[in-house]
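What follows is the residue order along each chain.
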Amino acid sequence: MGEQHYDVLIIGAGVSGIGMACHLKKSCPNKRFAILERRQSLGGTWDLFRYPGIRSDSDMFTFGYKFRPWSGGKVLADGASIKQYLADTAREKGVDNHIHYGLAVKTANWSSAHKCWTLRAENEQTGETETWTADFLVSCTGYYNYDQGYKPDFPGEADFKGQVVHPQHWPENLDYTGKKVVVIGSGATAITLVPTMAEGAAHVTMLQRSPSYLMPLPSTDGVTLAMQKVLPAKLSYKLTRSRNLFISRQLYKRSRKSPRAMRRFLLWVVKRELKGKADMRHFTPNYNPWDQRLCVVKDGDLFKALKAGKASIKTDHVDRFTETGILLKSGEALAADIIIPATGLNLQMLGGIKPTVDGQDVELKDRVLYKSVMVEGVPNAGVIIGYTNASWTLKVDIACEYLCRLLNHMDRANCKMAVPSGAENSRSEETMMDSLGAGYVKRAADQLPRQGTYGPWLTVQDYQRDTRVLCSDAVDDGYLKFS
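Rules used in this analysis
Residues numbered from 1 in each chain as written. Predicted model: local features only at pLDDT ≥ 70, side-chain atom pairs only at ≥ 80, totals over all residues. Heavy atoms only, no water. Helix = DSSP H or I, 4+ residues; strand = E, 2+ residues; numbered from the N terminus. Rg over C-alpha atoms; globule rule 2.2 N^0.38 Å. Buried < 20%, exposed > 50% of the residue type's maximum accessible area, 1.4 Å probe, protein only. Areas by Shrake-Rupley, 256 points an atom, 1.4 Å probe, with all protein chains shown as cover. Lys, Arg positive; Asp, Glu negative; His and termini not counted. Charge placed at Lys NZ, Arg CZ, Asp CG, Glu CD. Polar contact = N/O pair within 3.5 Å; in protein donor to acceptor, adjacent residues only side chain to side chain. Contact = heavy atoms within 4.5 Å. 1 Å grid on protein atoms, 1.4 Å probe; cavity = no way out; pocket = protein on both sides within 12 Å on 5 of 7 lines; lining within 4 Å. Points joined across faces, edges and corners; volume = space filled by probe spheres on them. Nonpolar A, V, L, I, M, F, W, Y, C, P; charged D, E, K, R; others polar. Pairing = 2+ DSSP bridges. Right-handed = clockwise from strand over helix to strand, strands pointing away. Axes fitted to C-alpha atoms, helices over the stretch in contact; angles between N-to-C directions. Core = buried A, V, L, I, M, F, W, Y, C linked by side-chain atoms within 4.5 Å. Salt bridge = Lys/Arg side-chain N within 4 Å of Asp/Glu carboxyl O.

### Brief notes about the overall build of the protein
Tallying secondary structure elements over the protein gives 12 helices and 25 strands in all. Over its C-alpha atoms the protein spans a radius of gyration of 23 Å, differing by no more than 12% from the 23 Å that the globule rule assigns to 483 residues. Dimensions of the protein along its principal axes, counting C-alpha atoms only, are 70 × 55 × 45 Å. Split into buried and exposed, the 483 residues of the protein put 54% on the buried side. When the accessible area of the protein is evaluated, it comes to approximately 21,100 Å², of which 50% is carbon and sulfur surface. Here the protein contributes 63 positively and 51 negatively charged side chains, and the mean placements of these two sets differ by 8 Å.

### Concerning the side chain of Lys-31
In this fold, Lys-31 is placed in the loop between helix H1 (15-27) and strand E2 (33-37). The class for Lys-31 is buried, based on a relative accessible area of 18%. In terms of polar contacts, Lys-31 uses its side chain to reach the side chain of Asp-411, at 2.9 Å. The residues touching Lys-31, leaving out its near neighbours within four places in the chain, are Asp-7, Leu-407 and Asp-411.

### Regarding empty space enclosed by the protein
Left-over empty space is what a probe sized like a water molecule reveals as it rolls over the atoms. Throughout the structure, instances matching the rule amount to four cavities of 30 Å³ or more. Contributing to the lining of the largest cavity are 15 residues, with Leu-137, Ser-139, Leu-350, Pro-355 and Ala-381 lying nearest its centre. Breaking the lining of the largest cavity down by element, the ones donating at least two residues are strand E6 (129-139) and strand E21 (381-383). It is E21 that provides the largest number of residues to the lining of the largest cavity, a total of three residues. Class assignment of the residues belonging to the lining of the largest cavity gives a composition of 13 nonpolar, two polar and no charged. What the second largest cavity holds in volume is close to 80 Å³.

### Quick look at the pairing of strand E1 (residues 4-11)
Within E1, six of the eight residues are buried, leaving the element largely enclosed by the surrounding structure. Note that E1 and E6 share seven bridges and pair parallel. Note on E6: the bridge partner recorded for Gln-4 is Trp-132. Sheet topology places E1 next to E2; four bridges connect them, and they run parallel. Counted as the bridge partner of Ile-10 is Ile-35 from E2. For the crossover that starts at E1, traverses H1 and ends in the parallel E2, the hand is right-handed.

### Things to note about the sheet that holds strand E14 (residues 325-328)
The three strands are arranged E13-E14-E15 in an open sheet whose pairing can be described as antiparallel. Each of the sheet's edge strands pairs with one partner strand only, and the pair in question is strand E13 (318-321) and strand E15 (333-335). Along the sheet, successive strands turn relative to each other by an average axial angle of 25°, direction set aside. As defined by bridge partners, E13 adjoins E14 across three bridges and the pair is classed as antiparallel. Its bridge partner lying in E14, Arg-320 is registered against Leu-327.

### Re the sheet that holds strand E9 (residues 203-208)
One open sheet holds the five strands; their spatial order is E7-E16-E8-E9-E12, and the pairing between them is parallel. Each of the sheet's edge strands pairs with one partner strand only, and the pair in question is strand E7 (163-164) and strand E12 (311-315). Across two bridges, the pairing between E7 and strand E16 (residues 338-341) is parallel. Bridge pairing in E16 places Val-164 opposite Ile-339. In the packing of helix H5 (residues 188-198) onto the sheet, contacts are made with strand E8 (180-184), E9, E12 and E16, and the angle to E9 comes to roughly 165°.

### A word on the nonpolar core
Among the nonpolar cores identified, the biggest contains 138 residues, and Ile-10, Met-20, Leu-119 and Tyr-143 are the most heavily contacted of them. Among the elements that take part in this core, helix H10 (residues 392-412) stands out by supplying 12 residues, more than any other. The next biggest cluster of nonpolar side chains, apart from the first, holds 12 residues, and it includes Phe-160, Val-182, Val-318 and Ala-336.

### Concerning the pattern of salt bridges
Counted by the stated rule, this structure contains 26 salt bridges. Where Arg-91 meets Asp-88, a salt bridge forms, and the shortest distance between an N and an O atom there is 3.2 Å. Here Asp-88 and Arg-91 lie together in helix H4 (residues 79-92), a separation of three residues that amounts to about one turn. Overall, the relative accessible area of 19% leaves Asp-88 in the buried class. Among the ionic pairs, Asp-291 bridges to Arg-256, the shortest N-O distance being 3.1 Å. With a gap of 35 residues between them, Asp-291 in the loop between helix H8 (259-274) and strand E11 (295-298) and Arg-256 in helix H7 (residues 233-257) connect regions that are remote in the sequence. Residues participating in the shared-partner salt-bridge network are Arg-39, Asp-47, Arg-50 and Lys-83.

Take a look at the structure:
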């Protein structure tokens, strides 16, 4: 297969990649683009994860794209519905036929002499290497490793006679009916798995080292359903989206400003749900709200499973696995037929691709991000990373909008190259994700770009500020060098 040249190459056909392609279609209709996707289907996260109950933990009215309303009253949608929404969006906007599947991008090199990117991609079916070139590159690969979830090495794991199943690699037909299940973890995945599996299992135990903040949320929105009956679809979507944005923003700001008051409120909500049927020590974290992500409990299903006795929580540490289950540090033994380590992700930037500029390696840990969408010193490249404190897609929409503005500016000014520079005095020792104290962020500190200290080098989790910076501020701001 010969070399193929495009104006824009997008890596990844998940939420970010489909979003970028749709924005290009609308705002840069003359640009020739392609999406390179390693998997055999679009959807990214929503194609990869198949565990029982997989769903969004962001409300769908802010998780849906700004340009294509999420319809219906479902607030928290299941994985299959989200994947369908992405597929429908791609088809409706005419970007589905721009996706090339089964291509794992291995290298990406920018040549200043030729003013273009050269990508080498392995066709995973034929094993052949293909060469693709582009004027502009956009990485839409998310921020975790699809091949390997994070799992600590548990002592004695080989002794366990049952099954160990990681949520990221869920087997097609796992039968847990009437089985004793232990889910290790207290994050969004565990909170989803426990009540879903409790419906069919003999009993499910959630084993956590430390609790997370939990927030019950109804899965359908009565107010929105009522609005949809009397208002035009777009207006109803806009109003619901604005309201949900306001609420989530206020929750986050209040958590940062008055952590003690917010802590009292969140614990009060959980206590009211449990009605004295469980020990509050299992629900009282030792950190402030939003130091880590808040976990959403759909329709309070976890609390219902606990009250019904179908599930229980242990806060303890694993001493070792045994033939029949887990021995805890406290000396207690948990019997299990199936153990599920819902122990998190392995972070990975740029889908594991090591980019080079004129043959020189780009070490992300030595760089800062410009407006959180470009990498200092790297020409003609966008990196789309969604929010960690709000819906991922909110950031995707405005980041894509910005990259389209940049491409159109370059065309008008007849520029072939745009490179963010001048960040030397703006590099701190913190990473761009240090505001989130999650284990997976700490483990990946040596891979992540640094946090900037001022202006466009500062990465903030603030939709209002980012909307101004990305969608209104001048493209040519002195930090972006054009040639």
